[in-house]
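# Structural characterization, general
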Amino acid sequence: MAFVLHERLAADTLFVASLELCELRLMNDARFVWALLIPQRDVVRESFELPASERALLWQEVDRLGAFMMRHTGADKINIGALGNMVPQLHVHVIARSKEDAAWPGPVWGAGQAQPLEDDTRQTRLTLLQRFAADLKGD
């Protein structure tokens, strides 16, 4: 079976790029610089369901995205999470957090309502994440 993105992830995020393992997407919420990495594998709910080599690649992509976001967003902290309670498809959140953001110091989940990205902010964040993807492919 081919990779099919869960409908909730498709509705809440914007496509950025396909990496070696994951699809990189931007969360459509202006309050946070928030990306998701979704392994492009069908019917995978947990990281331990991936073969060991793909599991290692997933966490390499997560770590590299987190380091990139830390360098380029001015974040105070990078939050990484893979809850999957509402969307069972394996996906990892990588969120650049700031002491001034809408949810600090608590988690982003359940903190108010998402505020859709306006055109300029959306383009700036997409460009940033596309640069990450290009850098990753260049290695």
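Anyway, here's the lowdown on the structure attached to this text. On a predicted model such as this, the values are computed, not experimentally measured, just so you know.

What counts and what doesn't
Residues numbered from 1 in each chain as written. Predicted model: local features only at pLDDT ≥ 70, side-chain atom pairs only at ≥ 80, totals over all residues. Heavy atoms only, no water. Pairing = 2+ DSSP bridges. Helix = DSSP H or I, 4+ residues; strand = E, 2+ residues; numbered from the N terminus. Axes fitted to C-alpha atoms, helices over the stretch in contact; angles between N-to-C directions. Contact = heavy atoms within 4.5 Å. Expected span 1.5 Å × (residues − 1). Buried < 20%, exposed > 50% of the residue type's maximum accessible area, 1.4 Å probe, protein only. Polar contact = N/O pair within 3.5 Å; in protein donor to acceptor, adjacent residues only side chain to side chain.

## Quick look at the sheet that holds strand β1 (residues 13-18)
With respect to topology, five strands assemble into an open sheet ordered β1-β2-β3-β5-β4, the strand pairing being antiparallel. Each having just a single partner strand, β1 and β4 (77-81) make up the two edges of the open sheet. In this sheet, neighbouring strand axes are inclined to one another by 25° on average, regardless of whether the strands run parallel or antiparallel. Pairing between β1 and strand β2 (residues 22-27): five bridges, direction antiparallel. Of the residues in β2, the one forming a bridge with Ser18 is Glu23. Strands in contact with helix α3 (residues 119-138) are β1, β2 and β3 (33-39); relative to β1, the strand with the most contacts, it is inclined by about 25°.

## As for helix α2 (residues 52-73)
Here α2 contains 22 residues, and its C-alpha end-to-end distance of 31 Å stays within 8% of the 32 Å for a straight helix at 1.5 Å per residue. Turning to α2, its buried residues are Glu54, Leu57, Leu58, Glu61, Val62, Leu65, Gly66, Phe68 and Met69. Of the residues flanking the end of α2, it is Gly74, one or two places downstream, whose phi is positive at about 75°.

## A look at unusual backbone geometry
In this model, Trp104 is joined to Pro105 through a cis peptide bond whose omega is 0°. Residue position: Pro105 is located in the loop between β5 (92-97) and α3. Non-glycine residue Val43 carries a positive phi angle of around 55°. Within the secondary structure layout, Val43 lies in the loop between β3 and α2. Looking at Val43, the relative accessible area reads 66%, which means it is exposed.

## Some thoughts on the side chain of Glu23
You can see Glu23 is positioned in strand β2. For Glu23, the side chain forms a polar contact with the side chain of Arg25, separated by 2.7 Å.

## Thoughts on the environment of Arg55
Following the sequence through the fold, Arg55 ends up in helix α2. The spacing of Arg55 and Ala30 is 25 residues in sequence and 30 Å in space, taken between C-alpha atoms. Beyond its immediate sequence surroundings of up to four residues, Arg55 is in contact with Ser47, Phe48 and Leu50. Reaching out from Arg55, the side chain makes a polar contact with the backbone oxygen of Leu50 at a distance of 2.8 Å.

The analysis is restricted to geometry; functional conclusions fall outside its scope.
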